[in-house]
Amino acid sequence: EFYVVGYTYYKNENYSQAISYFDAINLENNQFGQLSNYYLADCYLRTNDPASARIAFKNVSQMSYIPLMQEEAAFNYAKLTAETGIEREAIQALENIKEASPFYESSRDILADVLERSGDLNFVFSVFERQKNLNVKMKIIYQSKLVEAGHKSYLEKNWKSAVNYYDRSLRY
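To keep things clear, this report deals only with the structure shown in the data block. Residue numbering note: each chain is counted from 1, following its sequence as written. Reporting in this predicted model follows two pLDDT cut-offs: at least 70 for local features of residues, and 80 or more for side-chain atom pairs to be given and counted; totals over whole chains, interfaces and linings ignore these cut-offs and use all residues. Only hydrogens and water are set aside; all other atoms, that is, all heavy atoms of the structure, feed into the side-chain values.

**Regarding the pattern of salt bridges**
So, point 1. Salt bridges are defined by distance alone: a side-chain nitrogen of Lys or Arg within 4 Å of a carboxyl oxygen of Asp or Glu. Overall, the coordinates contain seven salt bridges when judged by the stated rule.
So, point 2. Notably, a salt bridge pairs E129 with R168, separated by 2.5 Å at the nearest N-O pair. With E129 in helix α8 (residues 121-129) and R168 in helix α10 (residues 159-169), this pair connects stretches of sequence that are 39 residues apart.
So, point 3. Salt-bridge contacts for E148 lead to K145; the nearest nitrogen and oxygen are separated by 3.7 Å. Highlighted residues: E148 and K145, both in helix α9 (residues 136-155), separated by three residues, approximately one helical turn. Numbered from the N terminus, helices here are DSSP runs of H or I no shorter than four residues, and strands are runs of E no shorter than two.

**Regarding the nonpolar core**
One broad trend across soluble globular proteins is that nonpolar side chains are buried collectively.
So, point 1. Nonpolar core, defined: a set of buried Ala, Val, Leu, Ile, Met, Phe, Trp, Tyr and Cys residues in which side-chain atoms within 4.5 Å join the residues together. In this scheme, a residue with accessible area under 20% of its type's maximum is buried, one over 50% is exposed, and one in between is partly exposed, where area comes from a 1.4 Å probe on protein chains only. If you look at the biggest cluster of nonpolar residues, it comprises 49 residues, and the most contacted ones within it are F22 and F128.
So, point 2. Contacts between residues were defined by any pair of non-hydrogen atoms, one from each residue, lying within 4.5 Å. Those residues within four positions of F22 in sequence are excluded, and the remaining contacts are Y3, G6, Y7, Y10, S36, Y39, L40 and C43.

**Digging into the packing of aromatic side chains**
So, point 1. Stacked, tilted and edge-to-face pairs are distinguished by plane angle, under 30 degrees for stacked and over 60 for edge-to-face with tilted covering the rest, among Phe, Tyr and Trp rings (Trp via its six-membered ring) whose centres lie within 6.5 Å. Summed over the entire model, instances satisfying the criterion amount to 19 aromatic pairs.
So, point 2. Between Y10 and Y15 the ring centres are 5.8 Å apart and the planes differ by 70 degrees, which places this aromatic pair in the edge-to-face class.
So, point 3. Since its relative accessible area comes to 13%, Y10 is described here as buried.
So, point 4. We classify Y15 as buried; its relative accessible area is 13%.
So, point 5. Ring centres 5.2 Å apart and planes at 65 degrees place the aromatic pair Y154 and W159 in the edge-to-face group.
So, point 6. By relative accessible area, which is 43% here, Y154 ends up partly exposed.
So, point 7. The class of W159 is partly exposed, set by a relative accessible area of 46%.
So, point 8. Among the aromatic residues, those joined into a cluster by ring pairs are Y3, Y7, Y10, Y15, F22, F32, Y38, Y39 and F57.
So, point 9. Positioned over the ring face of F123 is R88, at 3.7 Å from the centre of the ring.
So, point 10. A positively charged side chain is recorded as over a ring if its NZ (Lys) or CZ (Arg) lies within 6 Å of the ring centre. The angle to the ring normal must also be within 35 degrees. One cation-aromatic arrangement involves R168 over F125; the distance from NZ or CZ to the ring centre is 5.4 Å.

So, in C-alpha cells, the structure goes:
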C-alpha cells in the first residue's frame, strides 16, 4: 500500500510526499524495497538532496531483484559519490562497473575525471595501472599525471625519477 501511494505521488510530481511513503518501506529486502529505493533516490535528486539520493542508489545497487535497475543504481551511486568528492569510494564504485554494462564507458570517463582531480600521484598511478583498458581520455590524463610527476621530480633534482616518469609518459 505504501508503495502504491508513494508511486502515485511520484507520478504526480509531488516528490516530498512520495519520499515519506517510499521511505516507510525502503528497508524491505524484496522487489518493492528495491523499487522504493530507486524512486526514493529519484525523488531526492528532484528535491535537490544528492547525498540522500546517493544512499538510496547504494541500497538499490545491493539488491538483485531487478538486475538492470541494480546496474543503473550502481552507476548512479558511483557518479554521485564522485560528484560529492568522496574520491576513494567513488573510484572503488566506478571500478566495480562491469565491462559488459551499458554504463561502462561513462564510468570510465567519470573515473578519469576523479583521477585528474586527485593530487595523490602514487595512488592515481596505482589506479591507472590496474585498469585493463584505458580509453582515450584516461590515456591523456594518465600521461598528464606522469608528466606532472616528472616535472615535480625534476624540480626536486631527482633526475632518475624524472626521466622514468617522462619515459613512461611517452607510451601514450
